[in-house]
Number of protein chains: 2
Amino acid sequence: MDSINVFAPATVANVACGFDIFGLAVDNPGDEVIVRKRNDDKIIIEKITGDDGKLTLDPTKNTVSVPIIKYLSQIDSKQGFDIVLNKKMPLGSGLGSSSASSVAGVFAVNKLLNSPLETKELLPFAMEGERIACGSAHADNVAPALLGGFVVIRSYAPLDFFQIPTPENLFVTIVHPDIEVNTKDARHILKNEVSMKKAISQMGNVGGMIAGLMSSDYSLIGRSMVDFIIEPIRSILIPQFFEVKMAATDAGALGCSISGAGPSIFAFSEGKETAEKVEKAMKQQFEKVGIHTNSYVSAINNVGPKIIG
Amino acid sequence: MDSINVFAPATVANVACGFDIFGLAVDNPGDEVIVRKRNDDKIIIEKITGDDGKLTLDPTKNTVSVPIIKYLSQIDSKQGFDIVLNKKMPLGSGLGSSSASSVAGVFAVNKLLNSPLETKELLPFAMEGERIACGSAHADNVAPALLGGFVVIRSYAPLDFFQIPTPENLFVTIVHPDIEVNTKDARHILKNEVSMKKAISQMGNVGGMIAGLMSSDYSLIGRSMVDFIIEPIRSILIPQFFEVKMAATDAGALGCSISGAGPSIFAFSEGKETAEKVEKAMKQQFEKVGIHTNSYVSAINNVGPKIIG
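Rules used throughout
- Residues numbered from 1 in each chain as written.
- Chains lettered and ligands numbered in written order.
- Predicted model: local features only at pLDDT ≥ 70, side-chain atom pairs only at ≥ 80, totals over all residues.
- Heavy atoms only, no water.
- Least-squares fit on C-alpha atoms with pLDDT ≥ 70 in both.
- Contact = heavy atoms within 4.5 Å.
- Core = buried A, V, L, I, M, F, W, Y, C linked by side-chain atoms within 4.5 Å.
- Buried < 20%, exposed > 50% of the residue type's maximum accessible area, 1.4 Å probe, protein only.
- Helix = DSSP H or I, 4+ residues; strand = E, 2+ residues; numbered from the N terminus.
- UniProt positions renumbered as here; feature names shortened; annotations may be inferred.
- Expected span 1.5 Å × (residues − 1).
- Pairing = 2+ DSSP bridges.
- Axes fitted to C-alpha atoms, helices over the stretch in contact; angles between N-to-C directions.
- Buried area = accessible area lost by both parts, 1.4 Å probe.
- Salt bridge = Lys/Arg side-chain N within 4 Å of Asp/Glu carboxyl O.
- Polar contact = N/O pair within 3.5 Å; in protein donor to acceptor, adjacent residues only side chain to side chain.
- Nonpolar A, V, L, I, M, F, W, Y, C, P; charged D, E, K, R; others polar.
- 1 Å grid on protein atoms, 1.4 Å probe; cavity = no way out; pocket = protein on both sides within 12 Å on 5 of 7 lines; lining within 4 Å.
- Points joined across faces, edges and corners; volume = space filled by probe spheres on them.
- Phe/Tyr/Trp six-rings, centres within 6.5 Å; stacked < 30°, edge-to-face > 60°.
- Lys NZ or Arg CZ within 6 Å of the ring centre and 35° of its normal.

Trainee: Which residues make up the relation of the copies chain B and chain A, and what are the values?
Mentor: One copy of the chain maps onto the other through a rotation about an axis plus a displacement along that axis. In the superposition of chain B on chain A (RMSD 0.0 Å, axial shift 0.0 Å), the rotation amounts to 180°. On this basis, the relationship between the two copies can be described by a two-fold rotation axis. A symmetric contact is evident, with 100% of the interface residues of chain B recurring at the interface of chain A.

Trainee: Break down the nonpolar core for me, citing the residues and quoting the values.
Mentor: One finds F22, M209 and F268 of chain A together with F22, M209 and F268 of chain B to be the most contacted residues of the largest nonpolar core, which totals 161 residues. Take this core: its biggest share by element is 10 residues, from helix α6 (residues 196–214) of chain B. For F22 of chain B, the residues in contact, after removing those within four places along its chain, are V12, A13, N14, V15, C17, D140, F150, V151, V152, V206, M209 and I210 of chain B.

Trainee: So what's going on with the UniProt feature "binding site: ATP" (unreviewed entry) in chain A? Which residues, and what values?
Mentor: All names here are of chain A. The feature "binding site: ATP" (unreviewed entry), as annotated in UniProt, sits at P90, L91, G92, S93, G94, L95, G96, S97, S98, S99 and A100 in this numbering. When you line up the elements, G94 lands in the loop between β4 (81–86) and α2 (97–112). Apart from residues lying up to four places away in sequence, G94 is in contact with T11, S259, G260, A261 and G262. If you trace the backbone, S97 turns up in helix α2. On the basis of relative accessibility, which here comes to 8%, the residue S97 falls in the buried class.

Trainee: For helix α10 (residues 272–288) of chain A, give the residues involved together with the corresponding values.
Mentor: Residues and elements named next belong to chain A. When the terminal C-alpha atoms of α10 are compared, their 24 Å separation across 17 residues agrees well with the 24 Å that a helix rising 1.5 Å per residue should span. On its buried side, α10 packs onto β7 (170–177), α9 (241–250), β9 (255–258), β10 (265–270) and β11 (293–299). Where α10 terminates, the next one or two residues include G290, which has phi positive at roughly 80°.

Trainee: Tell me about the sheet that holds β11 of chain A, and please be specific about residues and values.
Mentor: Residues and elements named next belong to chain A. An order of β9-β10-β7-β11 is seen for the 4 strands of this open sheet, with the pairing classed as antiparallel. On the outer flanks of this sheet lie β9 and β11, each paired with one strand and no other. When strand polarity is set aside, the average angle formed by the axes of neighbouring strands in this sheet is 20°. Note: β7 against β11, 7 bridges, orientation antiparallel. Its bridge partner lying in β11, V172 is registered against S298.

Trainee: Any chance you could break down the side chain of T166 of chain B for me, citing the residues and the numbers?
Mentor: Considering the arrangement of structural elements, one finds T166 of chain B in the loop between β6 (159–164) and β7 (170–177). In contact with T166 of chain B, other than residues within four places in its own chain, are F150, L213, I300 and N302 of chain B.

Trainee: Before we move on, can you summarise the interface of chain B and chain A with the specific residues and values?
Mentor: Listed per partner, the contact involves 35 residues of chain B and 35 residues of chain A. Of all residues in chain B, R154, M196 and M203 of chain B bury the most surface against chain A, accounting for 27% of the area lost on that side. Between the two partners, chain B and chain A, sit 2 salt bridges. Notably, a salt bridge pairs D160 of chain B with R223 of chain A, separated by 2.6 Å at the nearest N-O pair. At the surface where chain B touches chain A, the tally comes to 9 residue pairs in polar contact (both at pLDDT 80 or more). Residue assignment for the side of chain B that touches chain A shows that the elements contributing at least two residues are β5 (150–156), β6, β8 (193–195), α6 and α7 (218–223) of chain B. Counting residues per element, the side of chain B that touches chain A draws most heavily on α6 of chain B, which supplies 14 residues. For the side of chain B that touches chain A, a count of residues per class yields 19 nonpolar, 10 polar and 6 charged.

Trainee: Could you give an account of empty space enclosed by the protein, naming the residues involved and the relevant values?
Mentor: Residues and elements named next belong to chain A. Going through the model one piece at a time under the given rule, you end up with 1 cavity of 30 Å³ or more. Of the volumes computed, that of the largest cavity is approximately 40 Å³. Along the walls of the largest cavity sit N14, A16, D227, I230, E231, S257, I258 and G260, which together make up its complete lining. Tallied by class, the residues present in the lining of the largest cavity amount to 3 nonpolar, 3 polar and 2 charged.

Trainee: I'd like a description of the packing of aromatic side chains, backed by residues and values.
Mentor: All names here are of chain A. Evaluated as defined, the whole model comprises 8 aromatic pairs over all chains. With a centroid separation of 5.7 Å and an interplanar angle of 85°, the aromatic rings of Y71 and F125 are classed as edge-to-face. Placement of Y71 in helix α1 (residues 66–74) and of F125 in helix α3 (residues 123–134) is noted, with a sequence separation of 54 residues between them. Classification of Y71 as buried rests on a relative accessible area of 0%. Taking relative accessible area as the criterion, F125 reaches 10% and is therefore assigned buried. Centre to centre, the rings of F266 and F268 are 5.4 Å apart; their planes meet at 75°, and the pair counts as edge-to-face. The burial state of F266 is the same as that of F268; both residues are buried. Positioned above the aromatic ring of F161 is the side chain of K120, whose terminal nitrogen or guanidinium carbon lies 5.3 Å from the ring centre. Its end group placed over the ring of F7, K306 keeps NZ or CZ at 5.3 Å from the ring centre.

Trainee: Please provide a residue-by-residue account of the UniProt feature "domain: GHMP kinase N-terminal" (unreviewed entry) in chain A, values included.
Mentor: Under the local residue numbering, the UniProt record ascribes the feature "domain: GHMP kinase N-terminal" (unreviewed entry) to residues 69–149 of chain A. Taken end to end, residues 69–149 of chain A is 49% helix and 7% strand, and its first and last C-alpha atoms sit 27 Å apart.

Trainee: Which residues make up the environment of S269 of chain A, and what values go with them?
Mentor: Residues and elements named next belong to chain A. Relative to the elements of secondary structure, S269 occurs in strand β10. On a C-alpha basis, the gap between S269 and Y218 in space is 8.4 Å, while along the polypeptide they are 51 residues apart. Setting aside chain neighbours within four positions, we find S269 in contact with N169, L170, F171, A253, L254, T274, A275 and V278.

Trainee: Let's hear about unusual backbone geometry: which residues, and what values?
Mentor: Looking along the chain, the bond that leaves G262 of chain A and enters P263 of chain A is cis, with omega of 5°. In this structure, P263 of chain A sits in the loop between β9 and β10. With an omega of 5°, the peptide bond running from N28 of chain B to P29 of chain B counts as cis. Positive phi, close to 65°, is recorded for N114 of chain B, a residue that is not glycine. Within the fold, N114 of chain B resides in the loop between α2 (97–112) and α3 (123–134). Unusually for a residue other than glycine, S115 of chain B sits at a positive phi of about 50°. Within the secondary structure layout, S115 of chain B lies in the loop between α2 and α3.

Trainee: I'd like a description of the sheet that holds strand β11 (residues 293–299) of chain B, backed by residues and values.
Mentor: Residues and elements named next belong to chain B. The 4 strands are arranged β9-β10-β7-β11 in an open sheet whose pairing can be described as antiparallel. Each edge of the open sheet carries a strand with a single partner, namely β9 (255–258) and β11. Taken pair by pair, the neighbouring strands of this sheet meet at an average axis angle of 20°, ignoring direction. Pairing of β7 with strand β10 (residues 265–270), which is carried by 6 bridges, proceeds in the antiparallel orientation. The residue of β10 that forms the bridge with T173 is A267. Along the sheet, helix α9 (residues 241–250) makes contact with β9 and β10, crossing β9 at roughly 155°.

Structure representation (structure tokens):
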């Protein structure tokens, strides 16, 4: 096999209460990468579509290629590759766009080389793509994009993470308003200190979320979707945030918060039908003030990247 | 029934990473309360044993009677009671001594009145005992003492808590060194702010602990028993803390931390035999420096208070 076409999913990081530790993958949207072996040792980004020309073709600076370069160096391979990246989701949207590209690229190359590493072992390389994208090698998008499902990053040093089972009927609504929030900015406005009281409240919700997901207790999941630390700060960057959130819960969502660094907003619902009602209500609220949106309804993606050709 | 004898269990609060949100009940030690109906509306503490005369017989100031008084007022009862409290565990030990008394008292009175309230509904009254004992109505000892098992306090306002299942073969070793730490002091030395970095690390461990307990993943439980926030501060009050902790893990414990506000130290082990080895190692380490200890090995108590006569 000399060429491969890989899809890697968008991801919702933080998931309300789990800043930098929770992330989940969805079925839609996601990025596609086509990777072809070359006859030399060069890494070339041939083409990028869907990015409005915003992303660099320099392989040492693009999130799709940096993980590949680190990976090839680690396994001591001199194989070169041509890369075509088809961005199928908005950039800077809080949906793990850079992670999807990083994961798709390194997953594709590992497959073309007959999987010298296990999928799980690709994580540190994919994280290097995050470092390029937002200045910090966080794993809460990359890990679920790579492994699928709902992932908890227990520890960064040493890196220790695990997947937890999720209820079958849990659906994710994602609404992306057409405004741009830079992930670096969204990090910089956060505080370095948090009050003990808020930290305790947040820990209670982290516990509630995990127990709720593992025991399919939809009500507990919903009650745990309260973010005392990040949402009060980052929501300032998203016009209509509280109105949209209220529209979501009024329409039956279990809870609603910012996806990653925003501006996308996600909601959990029990059942696809409710998730679609929630989608409609959230979109309408944005449209009231003239903000155009893209939206997606999806189950949790338990597969991660997949070969599509 | 005019008289009842109730046992309520000791509890390990915080459980390493879950400050103010985690607590678990053990089979041993615990307090015993004998409650008898009177022919008038008086609440009398007849006698307290096992406290070296340290506890007040004033019913408006003792943790065994304050919850009873609040409870009787709430259900609008004029029934009076005589109370005998047999303290069967060290005071100020970090084992929820005050909670055990509070729970035993209010549970006994509710039973004698033919259970007008469900056991779970007794929690707010028992929490008033905590307020008397340590100035703060925290629930992480009272809730497991009342309900048994491993309890997570998701939220204090509104009060929202739940039990999670624990692995059958998980054993708790508790070693109480014969030194006294005042719970109020142990709270006052804590900081009001915590760094975002530590809060994130702690949340990761909260997630790991719950997932580990719910999936019987002993290794994950052990890896999650790291407290970045409280233990580094409170351990200062416990001589030999780090040596004892190392002795515990060297002897095979999954992890080891301070029980509640200390000075008791607890460890988790897989299997009773290991928990007993760990007990021996921890005791020996304290004895090396001439500190006398009481110690206990127990499974997790899934029952809570029980009628013993």
